[in-house]
Amino acid sequence: MENHCGLVTLQKEPVPLKGIAVDVSVQGHVATVSSILQYENQEESPLEAVFVFPLPGEAAVCRFSAKIGQTEVVGEVQEKQKAQELYDDALSSGQQAFLLEESSESPDVFSLSVGSLPPGEKASISLDYVTELAVQADDGLRLCLPAVLNPRYKPQGPDSAAGTQVSSVPAGSVPYSLSLRAHVTSPHPISKVESNCPLEPLNYLNTERTQATVSLAAGHKFERDIELLVYYQDAHKPTAIVEAPQTSAKPGTLMGDPVIMLSLYPEFPKRGMSSMTSRGEFIFLVDRSGSMGCKIHSGPGAQNRIGSARDTLLLLLKSLPMGCYFNIIGFGSSHEMFFPKSVEYNQKTMDEALQKVKGMSADLGGTEILQPLKYVYSQPCLPDHPRQIFLFTDGEVWNTKEVLDLVKMNSGSHRLFSFGIGEGASSALISGMAKQGGGHAQFITGQDRMQPKVMQSLRFALQPAVVDISVNWNVPKGVSVTPLSPPIRVVFQGQRALLYAQLTGESPGDTKGSVTVKYSLAEKPVENQLSFSLKPAVDTGLTVHRLGAQTLIRSLEMEERERDGDEKIEGVKEKVVELSVQSGVSSAFTAFIAVHKGDGKAVQGPLFHRQVPTPMMYRGSGMMARSFGYSSGITFHKAAPKKMGVLRSAPSWRSREMAPPRSIGCSIASSGWLARGRAEFQSPVPLPTPEKEPLLQLISLQKASGSWILEPSLAEVLGKPQEDVAKSMPAQVNQEVWATVLALVWLYGFKIEAQEEWQFLAIKAVSWIKAQNVANVSECVLAGNNLLGCQVQMDTMGL
């Protein structure tokens, strides 16, 4: 076997994947995504193509089929080892076979092996999955089709040689295109559908605007993640959807009974700072691995990721309430703390932290999240100061499941907010950490600014939560309710909870049921009652059943991982396999296998192995291929066509030994990256720091208490000569009060569109002014408006 590492483009080597067509069906808060992948063997020998690709972390693969010529073979879910043996046996006997399997380390990475395609033959692969749509801070529901699979850092260890080969090309050079069409239905009217890619106009299908279609503009290259954002009217109203069972399934089983999905998305009252807590311990975990030195996007004027993180930390540090505690930890292959333990937030500690933030760079090697999280969780919590973790990363790790298990284990005492930076951040990692940690996930992609998204999460962290949640089912005699989801203990602002339950049995007369949801928000009780039919319409795609099955499967998988050796619960793995096979939903212990026996004749000739390249983000001026315990490129080898086994280095998480890490030629050197041992590398040569924009300059001048002082730097931001600023100050007014009023007038007068970024600074400033008991504040505001040419009212600023 010979490994060739490097970047592979269409010009250098033919690639069998020719195109992808995607059809999306959105139903309220969930979606079914159907993809068709067109393959063609353009070579003179039989071919095995392996495509490693990402799916949303919440996705459940539920159908897989392959069409060769006019014959379609539908994949079956089998126990993983059995499926792999069937695939290998089929290839070694010259049959065509297809294998789809989930990574054992990360639930958002799949490997599709297309085996033994004869020369000139075409194959059409059909893949369906169901997924929940993530809620955004502006009430939009996000569906992400991940195109970019960045290499994931694998920590060093005894098994670090094993891993997944990913063949990657620069995102703009992907040799296949994508078409996408979405059909949206909802109980509530559809307000709009947006995307980070050009869309055709939204087409409403009825006058109530509860059904619509939309599609990608023609000619789209699948070069980056595609985001669809769906907005509904009355988004916060709870809904209950009952789905009819599978007609062929046995009653009493999950697929043979109706399944109900309950959506709980509480609307929080608009409140001022009075509801914001001044208590809490805030830990900011910032990725300082080499990949954070990359541009945040590939467009003009893009800042690098670590630079954006520095600006965001400045904003966070200025926005924290007095009386809280904080610490900042940078992590990569190792981790470094700003303070030995969390310190109280005051002017001295804030200044010290800001000085250290200025020196932060992407210089800590590979991304290792597990160890810094273990360190944070090992530190004793402060009484009356709930600990909240803000974790920033470009999401390129390989031990996702281990990280999620750790976060879940500590969710009783720690709340975690996660931020995925750049294209290709793992949705399983970013969304999973927030879900298991009771926080909120944000993705910063394309032209997104990091600061407003982070401040949204800080607002969620400082506001009260929904507690004392109870769900009571009222169903007729003879019908029972079996929950498929773990119980919900708390819902924070920005979170949406979906609960699944199985309805077993029948009632001869009554066909109606109801569910009562009670909770407490801001110390006020809230109650919602929803009615539903026990005999829903039969015309369903089983989306709710499959998501309910996936929810139960993920819970059981986590239960299995939490126990080691002899403590393993008897039958948990078997229960997962049984549930996966019954529901047709993939799991860590199962795989889809399809074998096409054709005319019974074996495919003749040596078998070649091809890796279909996945788009990977640009690293600085060129591409960075990282040697993280797996190779990046195409692997060639031949195998005898008869019963001698198939020798290949499939990028699978099976027991295949991988080549040791090594640097990958000139593409690294040309882009300014230096490969080092243990996959640690240096950042690119830093570019000249651009001049800070006025808003960030003003923010950097604010004191921890919330005030500003009268100084030349402030006059420069305001765009006025020092003398004019001093002369315009009303008599008998404290200079610090005057400076703080001017800063507020400038913010409201010139930066109102960025209010989400500076709202906490302004609230602190107003609180500080009120504490000074100033008699002539109105005179100050009037003078400030005159000086700056604004018309900001006192009540607008909260004065």
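The structure this text deals with has already been given above.
Residues numbered from 1 in each chain as written. Predicted model: local features only at pLDDT ≥ 70, side-chain atom pairs only at ≥ 80, totals over all residues. Heavy atoms only, no water.

Another point: helix H7 (residues 450-462). Taking 1.5 Å per residue as the helical rise, H7 with its 13 residues ought to reach 18 Å, and the 19 Å between its terminal C-alpha atoms agrees with that figure. A large share of H7 lies buried, amounting to 13 of its 13 residues. (Helix = DSSP H or I, 4+ residues; strand = E, 2+ residues; numbered from the N terminus. Expected span 1.5 Å × (residues − 1). Buried < 20%, exposed > 50% of the residue type's maximum accessible area, 1.4 Å probe, protein only.)

Ordered by their spatial adjacency, four strands build an open sheet running E19-E20-E30-E29, and the pairing between neighbours is antiparallel. A strand with exactly one partner marks an edge of an open sheet, and here the two such strands are strand E19 (239-243) and strand E29 (479-483). Strand-to-strand twist of the sheet, defined as the mean angle between neighbouring strand axes without regard to direction, takes the value 25°. Two elements, strand E20 (residues 259-264) and strand E30 (residues 497-505), share six bridges in a ladder whose sense is antiparallel. What sits directly across from valine 259, in E30, is glutamine 502. (Pairing = 2+ DSSP bridges. Axes fitted to C-alpha atoms, helices over the stretch in contact; angles between N-to-C directions.)

Each regular strand displays side chains that alternate between the two surfaces of the sheet. Of all the six residues making up E20, six are buried; the element is thus mostly covered by neighbouring parts of the structure. Bridge count between E19 and E20: five bridges; the pairing is antiparallel. The residue bridging threonine 239 from the neighbouring strand is serine 263, located in E20.

Another point: the packing of aromatic side chains. Aromatic rings in a pair are described by how distant their centres are and how their planes are angled relative to each other. Enumeration over the complete set of coordinates arrives at 11 aromatic pairs. Ring centres of phenylalanine 390 and phenylalanine 419 lie 5.9 Å apart, and the angle between their planes is 20°; this geometry places the pair in the stacked category. Of this pair, phenylalanine 390 sits in strand E25 (residues 387-393) while phenylalanine 419 sits in strand E26 (residues 414-421), and the two are 29 residues apart along the sequence. Grouping residues by exposure puts phenylalanine 390 and phenylalanine 419 together as buried. Relative to phenylalanine 419, the ring of phenylalanine 392 lies with its centre 4.6 Å away and its plane at 10°, an arrangement referred to as stacked. One end of the pair, phenylalanine 392, is in strand E25; the other, phenylalanine 419, is in strand E26, with 27 residues separating them in the sequence. Phenylalanine 419 matches phenylalanine 392 in its accessibility class, with the two residues each being buried. One aromatic cluster is present, built from ring pairs that chain together Phe282, Phe284, Phe390, Phe392, Phe417 and Phe419. Sitting over the face of the ring of phenylalanine 443, arginine 142 holds its NZ or CZ atom 4.1 Å from the ring centroid. A cation over a ring is seen here: arginine 209 above tyrosine 204, with NZ or CZ 4.2 Å from the ring centre. (Phe/Tyr/Trp six-rings, centres within 6.5 Å; stacked < 30°, edge-to-face > 60°. Lys NZ or Arg CZ within 6 Å of the ring centre and 35° of its normal.)

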